[in-house]
Amino acid sequence: MDIGVISVRYARALLKSATDAKFEDTIYQDMMTLAKSYVDVPALRQTIDNPMLSKEKKESLLLAACGEKPCELTKAFIALVLKEDRENMIQFMANSYVTLYRKQKNVIRGKLTTAARVSAQTEQKMRQMVESKTNGTVEFETEVNPDIIGGFILEYDTYRMDASVRSKLNNILNTLKK
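Residues numbered from 1 in each chain as written. Predicted model: local features only at pLDDT ≥ 70, side-chain atom pairs only at ≥ 80, totals over all residues. Heavy atoms only, no water.

> In this structure, what is going on with the state of the cysteines? I would like to understand it.
Covalent bonding between the sulfur atoms of two cysteines is what defines a disulfide. Tallying each qualifying case throughout the model produces zero disulfides. This cysteine, Cys-66, is not joined by any disulfide, and Cys-71 carries the nearest cysteine sulfur, 10 Å off. Using a relative accessible area of 2% as the deciding quantity, one classes Cys-66 as buried. (Disulfide = S-S within 2.5 Å. Buried < 20%, exposed > 50% of the residue type's maximum accessible area, 1.4 Å probe, protein only.)

Rendered as C-alpha cells:
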C-alpha cells in the first residue's frame, strides 16, 4: 500500500479524534514538534526504523520527539502506530496531520523577508493585511536577508510580492541590457 495513503488515513483519524476531544490544537503542536524533530535530527528516522530496537524504546523516543509534555491522545496515537508496526511512516503521518489541520482551520503560512529587522508593529500590520486578503489565520515567519538591500518580500499561500531593492535593480539592469 502507498505510504501517502496510509499516512493520510492515520492523520485523518487522529484529527477526527482530536477534534471530538477538543485537543486538535494541542495535537497540532505535538505533530509540528515531531515533524521538526525528524528534520532537525536525521538519525531519528534511522533509529525508529531499526528493527532491533524495542517498541518501548521507540515509544519513549517518539514521545520525547513530540516535546516536553505530549498530550494523552498523542501518546495513545503513538502506541497505536507502534502496535500496528507503522512506525516507519510516523513522520509522514505527522506532516499529513499538520496539513489537514491547516486546511480545516484555514491556517495559511506566510513569510516576510526584509533587509533589516522590522518592528513587531510592522510585522503585525503585514500579518493583518494577509489575514484580511485570505480570510484565515496566518502563521507568520520573518527572515532578515541583507542581500535584498532594502524593501521586503512577502510570501503567503501561492502569492509572492517582491518589493525589494535588489529585484528593482535587476529589472533596471535587464531593461538596459535590451
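Next comes the rest of the account.
> Quick question: what am I supposed to make of unusual backbone geometry here?
With the exception of glycine, the majority of residues adopt a negative phi angle, and the majority of peptide bonds are in the trans configuration. The phi angle at Lys-22 is positive, at roughly 65°, despite the residue not being glycine. Here Lys-22 shows up in the loop between helix H1 (3-20) and helix H2 (24-40). The phi dihedral of Ile-149 is positive, around 70°, even though this residue is not glycine. Looking at where Ile-149 falls in the secondary structure, it is placed in the loop between strand E2 (137-144) and strand E3 (151-156). Since its relative accessible area comes to 52%, Ile-149 is described here as exposed. (Helix = DSSP H or I, 4+ residues; strand = E, 2+ residues; numbered from the N terminus.)

> What's the story with the sheet that holds strand E1 (residues 107-114) in this structure? I'm lost.
Backbone hydrogen bonds hold the strands of a sheet together, and the pairing may be parallel or antiparallel. With mixed pairing, the four strands of this open sheet are ordered in space as E2-E1-E3-E4. Unpaired on one side and paired on the other, E2 and strand E4 (159-164) mark the two borders of the sheet. Ignoring strand direction, the axes of neighbouring strands in this sheet form an average angle of 15°. In terms of strand pairing, E3 meets E4 through six bridges, oriented antiparallel. Within the sheet, the bridge partner assigned to Leu-154 lies in E4 and is Met-161. Across the face of the sheet, helix H7 (residues 120-134) comes into contact with E1, E2 and E3 while running at roughly 140° to E2. (Pairing = 2+ DSSP bridges. Axes fitted to C-alpha atoms, helices over the stretch in contact; angles between N-to-C directions. Contact = heavy atoms within 4.5 Å.)

> Before we go on, may I ask you to explain the pattern of salt bridges in this structure?
Note on pairing: side chains with opposite charge can pair once their charged atoms come close. Summed over all chains, the structure comprises 14 salt bridges. Note that Lys-55 is salt-bridged to Asp-85, the shortest N-O span being 2.4 Å. Here Lys-55, found in helix H4 (residues 55-65), pairs with Asp-85, found in the loop between helix H5 (72-83) and helix H6 (90-105); they are 30 residues apart in sequence, far enough to count as distant. Overall, the relative accessible area of 31% leaves Lys-55 in the partly exposed class. Linking Glu-87 and Lys-58 is a salt bridge whose minimum nitrogen-to-oxygen distance equals 3.0 Å. Placement of Glu-87 in the loop between H5 and H6 and of Lys-58 in helix H4 is noted, with a sequence separation of 29 residues between them. (Salt bridge = Lys/Arg side-chain N within 4 Å of Asp/Glu carboxyl O.)

Everything listed is a geometric property; what it means functionally is a separate question.
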